There are 2 protein chains.
Amino acid sequence: MAKQVVPEPARRRRRPTQQGTVLSERLIVHTALRVLREHGSTGLTARRLGTALGADPSTLYRYFAGMDDLTRAIGEELMGRALDSWSAAGEWRADLRALGLAIHSSYLAHPQAAALTASRVTGRPREIAVDETILGILRTAGFPDVAAVRLYHAFIDLSLAFAALDAGALALAEEARTTDEEMWTSTYARLPAESYPHIAATARLLAARMPHSAYPVVLDTLLDNAAAQLVATRSAATTGDRSARPEAPPAGDS
Amino acid sequence: MAKQVVPEPARRRRRPTQQGTVLSERLIVHTALRVLREHGSTGLTARRLGTALGADPSTLYRYFAGMDDLTRAIGEELMGRALDSWSAAGEWRADLRALGLAIHSSYLAHPQAAALTASRVTGRPREIAVDETILGILRTAGFPDVAAVRLYHAFIDLSLAFAALDAGALALAEEARTTDEEMWTSTYARLPAESYPHIAATARLLAARMPHSAYPVVLDTLLDNAAAQLVATRSAATTGDRSARPEAPPAGDS
DNA sequence: TCCTTATGCCAACACAGTTGACCCTACCTG
DNA sequence: CAGGTAGGGTCAACTGTGTTGGCATAAGGA
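Residues numbered from 1 in each chain as written. Chains lettered and ligands numbered in written order. Predicted model: local features only at pLDDT ≥ 70, side-chain atom pairs only at ≥ 80, totals over all residues. Heavy atoms only, no water.

1. Focus: the relation of the copies chain A and chain B
Moving on, step 1. When chain A is fitted to chain B, the best match, at an RMSD of 0.1 Å, comes from turning it 180° and sliding it 0.0 Å along the axis. Accordingly, the operation relating the two chain copies is best matched by a two-fold axis. Residues of chain A ranked by C-alpha distance from the rotation axis are headed by Ala161 of chain A, positioned 2.4 Å from it.
Moving on, step 2. Comparing interface residues between copies, 98% of those in chain A also sit at the interface in chain B, which points to an isologous, same-surface contact. (Least-squares fit on C-alpha atoms with pLDDT ≥ 70 in both. Contact = heavy atoms within 4.5 Å.)

2. A few points about the UniProt feature "domain: HTH tetR-type" (unreviewed entry) in chain A
Moving on, step 1. In the numbering adopted here, UniProt assigns the feature "domain: HTH tetR-type" (unreviewed entry) to residues 22–82 of chain A.
Moving on, step 2. Annotation note: span residues 22–82 of chain A, helix share 64%, strand share 0%, distance between end C-alpha atoms 27 Å. (UniProt positions renumbered as here; feature names shortened; annotations may be inferred. Helix = DSSP H or I, 4+ residues; strand = E, 2+ residues; numbered from the N terminus.)

3. A closer look at the environment of Ile103 of chain A
All names here are of chain A.
Moving on, step 1. Mapping Ile103 onto the fold places it in helix α4 (residues 92–108).
Moving on, step 2. By relative accessible area, which is 0% here, Ile103 ends up buried.
Moving on, step 3. For the pair Ile103 and Arg34, spaced 69 residues apart in sequence, the C-alpha to C-alpha distance is 19 Å.
Moving on, step 4. With sequence-adjacent residues up to four places away left out, Ile103 is seen in contact with Met79, Ala82, Val130 and Ile156. (Buried < 20%, exposed > 50% of the residue type's maximum accessible area, 1.4 Å probe, protein only.)

4. Examining the UniProt feature "DNA-binding region" (unreviewed entry) in chain A
Moving on, step 1. Here, UniProt's "DNA-binding region" (unreviewed entry) annotation points to residues 45–64 of chain A.
Moving on, step 2. Summarising residues 45–64 of chain A: 40% helix, 0% strand, and an end-to-end C-alpha distance of 14 Å.

5. Looking at the interface of chain A and chain B
Moving on, step 1. Contacts between the two partners involve 66 residues from chain A and, on the opposite side, 65 residues from chain B.
Moving on, step 2. The junction of chain A with chain B conceals about 5900 Å² of combined surface from both sides, 67% of it contributed by carbon and sulfur atoms.
Moving on, step 3. For the chain A face of the interface with chain B, the top three residues by lost area are Glu132, His198 and Arg209 of chain A, together amounting to 12%.
Moving on, step 4. Counting across the chain A and chain B interface gives zero salt bridges.
Moving on, step 5. Inspection of the chain A/chain B interface yields ten residue pairs in polar contact (both at pLDDT 80 or more). (Buried area = accessible area lost by both parts, 1.4 Å probe. Salt bridge = Lys/Arg side-chain N within 4 Å of Asp/Glu carboxyl O. Polar contact = N/O pair within 3.5 Å; in protein donor to acceptor, adjacent residues only side chain to side chain.)

6. Considerations on the nonpolar core
Moving on, step 1. Ranked by size, the top nonpolar core spans 147 residues in total, and within it Phe143 of chain A together with Phe143 of chain B carry the most contacts.
Moving on, step 2. Looking at this core element by element, the count peaks at 17 residues for helix α7 (residues 145–175) of chain A.
Moving on, step 3. Other than its neighbours up to four places away in sequence, Phe143 of chain A contacts Trp92, Leu138, Ala148, Leu151, Ala226 and Leu230 of chain A. (Core = buried A, V, L, I, M, F, W, Y, C linked by side-chain atoms within 4.5 Å.)

7. Some remarks on the packing of aromatic side chains
All names here are of chain A.
Moving on, step 1. Per the stated rule, a full pass over the model turns up six aromatic pairs over all chains.
Moving on, step 2. With a centroid separation of 5.1 Å and an interplanar angle of 90°, the aromatic rings of Trp92 and Phe143 are classed as edge-to-face. Separated by 51 residues along the polypeptide, Trp92 in helix α4 and Phe143 in the loop between α6 (125–141) and α7 bring together distant segments of the chain.
Moving on, step 3. By relative accessible area, Trp92 is classed as buried at 12%. (Phe/Tyr/Trp six-rings, centres within 6.5 Å; stacked < 30°, edge-to-face > 60°.)

8. A closer look at the confidence of the model for chain A
Residues and elements named next belong to chain A.
Moving on, step 1. Counting all residues, the mean pLDDT for chain A is 87, and 90% of those residues have values of 70 or more.
Moving on, step 2. Highest mean pLDDT in chain A belongs to α4 (98); lowest belongs to helix α8 (residues 180–189) (82).
Moving on, step 3. Every residue in residues 243–254 scores below 50 in pLDDT, and together they form 22 contacts with partners more than four places removed in sequence or on other chains. (pLDDT = per-residue confidence, 0-100.)

9. Quick word on the packing of helix α7 (residues 145–175) of chain B against helix α10 (residues 215–239) of chain B
All names here are of chain B.
Moving on, step 1. Two numbers describe how α7 lies on α10: the axes approach to 10 Å, and their chain directions differ by 175°. Comparing the axis directions of α7 and α10 gives the class roughly antiparallel. Contact with α7, carried on its side by Ala147, Arg150, Leu151, Ala154, Phe155, Leu158, Ser159, Phe162 and Asp166, involves Tyr215, Val218, Leu219, Leu222, Ala226 and Gln229 of α10 and no other residues of that element.
Moving on, step 2. Residues that form the contact of α7 with α10 fall into these classes: eleven nonpolar, two polar and two charged. (Axes fitted to C-alpha atoms, helices over the stretch in contact; angles between N-to-C directions. Parallel < 35°, antiparallel > 145°, perpendicular 65-115°, else oblique. Nonpolar A, V, L, I, M, F, W, Y, C, P; charged D, E, K, R; others polar.)

Written out as structure tokens, the structure reads:
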């Protein structure tokens, strides 16, 4: 039965599949990424992945508690790759910017996988490591804890949110075998100018801009703001001023 | 057969269902929202929706081309509600801020539906109307077209991205029948302090902050930045200065 | 060498989206 | 007011999904 998944480090025996491949968590995740790229973000199924691995679909349940668990592992892999491709230079602003772009481009390197996973928090080790890294950068830079936490929150949510959104658009375009720009051109071009004067007036600019990500612009805006805050904090520390930005309201629900 | 869906305005006859209900696009979308709230973001199925409507599942295909089409209609409904709950006051910054928050809270009012739809562009009328509105606000405020388009892009993507992310977290918490704060507390509290010193040092602050949305903070940051740009543009216009911010790089892929 | 058990495979389950055929009734036309 | 048309509701069936219980087997420790 597949109720209990054996944790990866405790695995000892590796019996090869009927078709000869020797399975592992790593191999499964990597193959899943390939299947996702080839068949789209909804094309990852237990049976298809089994075939791609040369194994019975049910074998997957020896490694993951279910497809949902596998999905989280894929997200964790992308986050890990981002972290691996990044290294600290010692300057907080540049480091944060590089880390954000690393996360963003790691996800966009696998748009179908990203569309599937980026809006989920996995709580797995490499993801936690990223959180720790960001907080470390901010606190070391001199941000007081409250500000560091607020910035960390904005930073990570912003990065993940844009990764999900941009990946979704990119995956859609790839699956439609067209460029993003063509898509946006046709979207805006067919609108009647009398009903949508502003869109009509800027249609060409829109088609040129939409296929690019707004993430760098927004990220820089956030970092500019943070830098200004830091300066204010430093000068306030010498005069004893303790004013802070007003808190944001909680996310509403009804 | 269900190959061709009859467009809504062209519908004439409304035969009641065996159980007596008279279907319509509106009724189906509204019922879908209820089903989503009750059964979670993955709980919307053709059969379940059929039962909730008192109709055969296959009847849905008389109104929508498929579950995917229905999903887009749900997203369109949420966007429409945001637009309806908003009204222009005439001041661009306040208007944009209100519109952003309206979109965000309209989606968060139905977290399960939002998690399902917010990362998709529908291209339907009400969504286009929102685009036109945003561009109108910016251009009327005096932003040159290039800046208006860049801001529009950042604004709408930011809002949708956060709607998707926050809705996902909220839906997860609701389905786990727990508060977000409990979730985050348990997530951070069980980490060893020696491996994650920065998280450990700020655990209580994190648990208090994470259940709130970072969207208002980031949105305000973006609008601050835009306001500063506008002032610079105006003074530049009098001196003939035409310097602009450097362009953002395109979204990478590999 | 033998024993244990991790791990692969098979068959089967419930449930998903979707379609084709059928039929009935609401409405338009005369 | 009668008749014809077709919109739209229903039924049954198809394929494909995630998932599980039972079984077989070979890897590795003793």
